[in-house]
Amino acid sequence: MALQLFLDMMSQPCRSVYMFAKKNNIPVEVRTVSLVNGEQFTEEFGKVNPIRKVPALKDGDFSMGESIAMMQYMVEKFKTPDHWYPAALQERARVNEYLCWQPMGIRLHGSKVFWLKVLKPFITFTFHPNREIFPRINQVVDCQLLLLQLYKPMRDRSSPICVVSF
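A quick note: this is a predicted structure, and the numbers were derived from the prediction, not measured. (Residues numbered from 1 in each chain as written. Predicted model: local features only at pLDDT ≥ 70, side-chain atom pairs only at ≥ 80, totals over all residues. Heavy atoms only, no water.)

Across its 12 residues, helix α1 (residues 12–23) extends 16 Å between first and last C-alpha, which sits within 8% of the 16 Å expected from 1.5 Å per residue. The complete set of buried residues in α1 reads Pro13, Cys14, Arg15, Ser16, Val17, Phe20 and Ala21. Positive backbone phi, approximately 55 degrees, marks Asn25, located one or two places after α1. (Helix = DSSP H or I, 4+ residues; strand = E, 2+ residues; numbered from the N terminus. Expected span 1.5 Å × (residues − 1). Buried < 20%, exposed > 50% of the residue type's maximum accessible area, 1.4 Å probe, protein only.)

Following this line, the structure appears as structure tokens:
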């Protein structure tokens, strides 16, 4: 039986969960929840995730939210390759350290780029971003890349551990 994923692809955590499932050939049925239309506030969705946030996962009678926890659940249920979430205690601890740090260390700054490149021009009807913001966007991206260098796998310093999605 396929997992049901409740997603809005405008949400970076939703895209992460979806890409993880697809990359690992995990059978999923995607249920779109439009945040713009307020579908997360429906009674039906509230039964899946009482917090009313996406992404959400439903596996039979079991349901949960929070993208990282959902991916950890998929790792355990579908026995994904060890490179996603290592079995070795200290390697897994490094991954957990990164997963706890990244929402404020990287994702917060990535949201700034999304705001500057997409939302602000859309809301203010200036669909062509002002040239003044490009240096600020480059600074944010450069900062993210530098921070990611600190969290490369200890055994292979030459390969990145994640892709930042905007």
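Bringing the packing of aromatic side chains into the picture now. Under the definition given, this model contains 4 aromatic pairs. With a centroid separation of 5.2 Å and an interplanar angle of 25 degrees, the aromatic rings of Phe62 and Tyr73 are classed as stacked. Of this pair, Phe62 sits in strand β4 (residues 62–65) while Tyr73 sits in helix α3 (residues 67–78), and the two are 11 residues apart along the sequence. On the basis of relative accessible area, Phe62 is assigned to the partly exposed category, the value being 38%. (Phe/Tyr/Trp six-rings, centres within 6.5 Å; stacked < 30°, edge-to-face > 60°.)

Two numbers describe how α1 lies on α3: the axes approach to 9 Å, and their chain directions differ by 10 degrees. Between α1 and α3, the angle falls in the class roughly parallel. For the pair α1 and α3, the contacting residues are Pro13, Ser16, Val17, Phe20 and Ala21 in the first and Ser67, Met70, Met71, Met74 and Val75 in the second. Taken together, the residues that form the contact of α1 with α3 break down as 8 nonpolar, 2 polar and no charged. (Axes fitted to C-alpha atoms, helices over the stretch in contact; angles between N-to-C directions. Parallel < 35°, antiparallel > 145°, perpendicular 65-115°, else oblique. Contact = heavy atoms within 4.5 Å. Nonpolar A, V, L, I, M, F, W, Y, C, P; charged D, E, K, R; others polar.)

Spatial ordering of the open sheet is given by β2-β1-β3-β4, a layout of 4 strands whose pairing is mixed. Where the open sheet ends on each side, the last strands, each with one partner, are β2 (28–32) and β4. Recorded for the sheet is a direction-independent mean angle of 20 degrees between the axes of neighbouring strands. Judged from the 5 bridges that link them, strand β1 (residues 3–7) and β2 form a sheet pairing that is parallel. Counted as the bridge partner of Leu7 is Thr32 from β2. Of the strands in this sheet, β1 and β2 are in contact with α1, which crosses β1 at around 150 degrees. The strands that α3 touches are β1, β3 (56–59) and β4; relative to β4, the one it contacts most, it runs at about 135 degrees. (Pairing = 2+ DSSP bridges.)

Our next topic: the pattern of salt bridges. Evaluation of the coordinates by the stated rule reveals 4 salt bridges. With a closest N to O distance of 3.6 Å, Arg92 and Glu76 form a salt bridge. With a gap of 16 residues between them, Arg92 in helix α4 (residues 89–123) and Glu76 in helix α3 connect regions that are remote in the sequence. With relative accessibility at 22%, the residue Arg92 sits in the partly exposed group. Among the salt bridges present, the one from Arg94 reaches Glu97, with a minimum N-O distance of 2.9 Å. Taken together, the residues span about one helical turn, with Arg94 and Glu97 both in helix α4 at a distance of 3 residues. Looking at Glu97, the relative accessible area reads 37%, which means it is partly exposed. (Salt bridge = Lys/Arg side-chain N within 4 Å of Asp/Glu carboxyl O.)

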